[in-house]
Amino acid sequence: MSARFAVGDQVRIARRDPRCHHRTPHYLQGATGVIERVLRPEGQPELMAYGGDGEPFRTVYRVQVPQAALWPGYGEGLRDCLEVEIFEHWLEPA
Amino acid sequence: MSDRHHHDHGAGRVHRHPRQPDDPEPRTDHEFLGMALRALLIEKGVYSAEDERARIELLQAATPATGARIVARAWVDDAFRARLLSDPNDAIESLGIDCLHPMIVVENRPDRHNVIVCTLCSCYPRMLLGPQPAWYKSANYRKRVVREPRAVLAEFGTAIPPEVEIRVHDSTAEMRYMVLPRRPEGTEGWDEERLAGLVTRDSLIGVTNPAVP
């Protein structure tokens, strides 16, 4: 399976919040970040939570988001960031 | 009669009962569902009661001393350290330790401090750090450490200068995370066992730094 995104790509985390199990924290939905690391394909949590096998598997990425972009008024001049695993089907090019 | 009753156990001795309540019987639908599911899994032979007991013992026997041993090795062995960062499971398993999960190890540097949280639940490398501390599972820590990590670290007594970048790792999916703290100054020549004694559970989560007492 080929990964859609590569390290350094700009991505947006989809804003979706479906009424089912998923692993994309609400506070990160809509945020823009950069791919920090490409992990392996894994079963989709939305399917596995309800007895499915998770197929087709989706590549998981670690996405880095600057804290200043997440939280209005976050400390001036700080380089702090947040890193999180996001499944490919939750990412859009930005 | 109150739960603080005193009574006479003969010979005139007064016996005070401890106040800890009994382990409560299941009461909610979810608890009954969990019990029924477990009974069915065992009845169908998916796993045995003995498998379950062994797994619980394995997880409960885990302690942060395991994580500390890994860190101490990384502090004295540069090749191991490089492998721990590039292929954590391979490096950790070479010490005879089973992680039970794919791992990522994040390294503290002079210009970068790392801290771990799971905002969705309480994902944690239990085999390396033992059971989660209660605060790691609290809504307070989970909400605040992503929003204001510097304030939360300060409450743990950890002051991070503004020129040092903080990376918060929200461990919400497949991987489990451990911090590789910086080796404290003044520990030149120490052997691994002595170094491991400096590494606390909290420093492996990233809310404190190891220090020479």
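Just above, that's the structure.
Everything quoted here is computed from the prediction, not taken from an experiment.

Turning our attention to the interface of chain B and chain A. Counting residues at the interface gives 25 residues for chain B, matched by 25 residues for chain A. Both faces combined, the contact of chain B with chain A buries some 2,200 Å², and carbon together with sulfur accounts for 47% of it. Here chain B is connected to chain A by three salt bridges. Taking the shortest distance from any N to any O, the salt bridge between Arg 79 of chain A and Glu 165 of chain B comes out at 3.6 Å. Of all the elements in the fold, those that place two or more residues in the side of chain B that touches chain A are α8 (139–147), α9 (149–155) and β5 (165–170) of chain B. Residues of the side of chain B that touches chain A, tallied by class, amount to 14 nonpolar, three polar and eight charged.

Here we take up the pattern of salt bridges. Enumeration according to the criterion identifies 21 salt bridges over all chains in this entry. Close ionic contact of Arg 167 of chain B with Glu 83 of chain A constitutes a salt bridge, the shortest N to O distance being 3.1 Å. Of this pair, Arg 167 of chain B sits in strand β5 while Glu 83 of chain A sits in strand β4 (residues 81–87), on two different chains. This pair shows no difference in class: Arg 167 of chain B is buried, exactly as Glu 83 of chain A is. Residues joined by salt bridges that share partners form a network here, namely Glu 36, Arg 37, Arg 62, Arg 79 and Glu 83 of chain A together with Arg 112, Glu 165 and Arg 167 of chain B.

Residue and element names in this part refer to chain B. In the contact formed by helix α3 (residues 64–76) and helix α4 (residues 78–86), the axes pass within 5 Å of each other and the chain directions differ by 125°. Here α3 lies oblique to α4, going by the angle between them. Seen along the crossing, α3 lies across α4 with a hand that is left-handed. In this structure, α3 contributes Ile 70, Arg 73, Ala 74 and Val 76 to the contact, and α4 contributes Asp 78, Phe 80, Arg 81 and Leu 84. Each residue belonging to the contact of α3 with α4 can be placed in one class, and the counts come to five nonpolar, no polar and three charged.

Right, let's talk about the state of the cysteines for a bit. Structurally, a disulfide amounts to a covalent bond that connects the sulfur atoms of two cysteines. All names here are of chain B. Here the structure, examined in full by the defined rule, presents zero disulfides over all chains. There is no disulfide at Cys 118, and the cysteine sulfur nearest it, in Cys 121, is 3.5 Å away. Cys 118 gets classed as buried once you look at its relative accessible area, which sits at 0%. In this model Cys 123 remains outside any disulfide bridge; the closest cysteine sulfur is found in Cys 121, 3.6 Å from its own.

Our focus in this paragraph is the environment of Leu 47 of chain A. Assignment of secondary structure puts Leu 47 of chain A in helix α1 (residues 45–48). In contact with Leu 47 of chain A, not counting residues within four places along its chain, are Gly 52, Gly 54 and Glu 55 of chain A.

Rules behind the numbers
- Residues numbered from 1 in each chain as written.
- Chains lettered and ligands numbered in written order.
- Predicted model: local features only at pLDDT ≥ 70, side-chain atom pairs only at ≥ 80, totals over all residues.
- Heavy atoms only, no water.
- Contact = heavy atoms within 4.5 Å.
- Buried area = accessible area lost by both parts, 1.4 Å probe.
- Salt bridge = Lys/Arg side-chain N within 4 Å of Asp/Glu carboxyl O.
- Helix = DSSP H or I, 4+ residues; strand = E, 2+ residues; numbered from the N terminus.
- Nonpolar A, V, L, I, M, F, W, Y, C, P; charged D, E, K, R; others polar.
- Buried < 20%, exposed > 50% of the residue type's maximum accessible area, 1.4 Å probe, protein only.
- Axes fitted to C-alpha atoms, helices over the stretch in contact; angles between N-to-C directions.
- Parallel < 35°, antiparallel > 145°, perpendicular 65-115°, else oblique.
- Left-handed = near helix turned anticlockwise from the far one by under 90°.
- Disulfide = S-S within 2.5 Å.

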